Amino acid sequence: HEGIPLPDLIYALTLVKHHIREFIKTHMLSDTALQLHHELQFLEKTSVFFDDVFFYTITGYQEALQEEIRKRVRHDND
């Protein structure tokens, strides 16, 4: 509803994801195998989080678009 094109939003979210992953890689220096394991788990969870963000963002855009089409069809038929 705010007029932000979906490709622009997905690109912005992708940039955020990459910046967070780079921050994690440069600031979470592992000294032990266990710390490395935790770091890799965190990176994986971050990736899964953003996959969900992308899915729900696209789903929300699609639902809003379908609702707008339904409103226009109802308006044109009145």
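Residues numbered from 1 in each chain as written. Predicted model: local features only at pLDDT ≥ 70, side-chain atom pairs only at ≥ 80, totals over all residues. Heavy atoms only, no water.

Enquirer: How would you sum up helix α2 (residues 33-77)? Please name residues and give values.
Expert: Taking 1.5 Å of rise per residue, 45 residues should cover 66 Å, and α2 covers 66 Å from first to last C-alpha, within 8% of that figure. Listed as buried for α2 are Glu39, Leu43, Thr46, Ser47, Phe50, Phe54, Thr57 and Thr59. (Helix = DSSP H or I, 4+ residues; strand = E, 2+ residues; numbered from the N terminus. Expected span 1.5 Å × (residues − 1). Buried < 20%, exposed > 50% of the residue type's maximum accessible area, 1.4 Å probe, protein only.)

Enquirer: So, the packing of aromatic side chains: which residues are in play, and what are the values?
Expert: The relative placement of two aromatic rings is captured by the distance of their centres and the angle of their planes. Applying the stated criterion across every chain yields a total of 3 aromatic pairs. Measuring from centroid to centroid gives 5.2 Å for Phe49 and Phe50, while their planes differ by 85°, and the two rings are edge-to-face. Their ring planes at 45° and their centres at 6.5 Å tell us that Phe50 and Phe54 sit as a pair that is tilted. Of the two residues, Phe50 and Phe54 are both situated in helix α2; the distance of 4 residues between them amounts to about one turn of the helix. (Phe/Tyr/Trp six-rings, centres within 6.5 Å; stacked < 30°, edge-to-face > 60°.)

Enquirer: Describe helix α1 (residues 6-27), with residues and values.
Expert: Over its 22 residues, α1 extends 32 Å from the first C-alpha to the last, a length consistent with the 32 Å expected when each residue adds 1.5 Å. If you check which residues of α1 are buried, you get Leu13, Lys17 and Ile24. Relative to the axis of α1, the buried residues are bounded by an arc of 45° and lie together on one face. In α1, the exposed residues that point more than 90 degrees away from the buried face are Pro7, Tyr11, His19, Phe23 and His27. (Arc of directions from axis to C-beta.)

Enquirer: Explain the packing of α1 against α2 residue by residue, including any values.
Expert: Across the interface, α1 lies against α2 with an axial gap of 11 Å and an inter-helix angle of 170°. Considering their axes alone, α1 and α2 lie roughly antiparallel with respect to each other. Across the interface between the two elements, Leu6, Leu9, Ile10, Leu13, Thr14, Val16, Lys17, Ile20, Arg21, Ile24 and Lys25 of α1 pack against Glu39, Phe42, Leu43, Thr46, Ser47, Phe50, Asp51, Val53, Phe54, Thr57, Ile58 and Tyr61 of α2. Tallied by class, the residues present in the contact of α1 with α2 amount to 14 nonpolar, 4 polar and 5 charged. (Axes fitted to C-alpha atoms, helices over the stretch in contact; angles between N-to-C directions. Parallel < 35°, antiparallel > 145°, perpendicular 65-115°, else oblique. Contact = heavy atoms within 4.5 Å. Nonpolar A, V, L, I, M, F, W, Y, C, P; charged D, E, K, R; others polar.)

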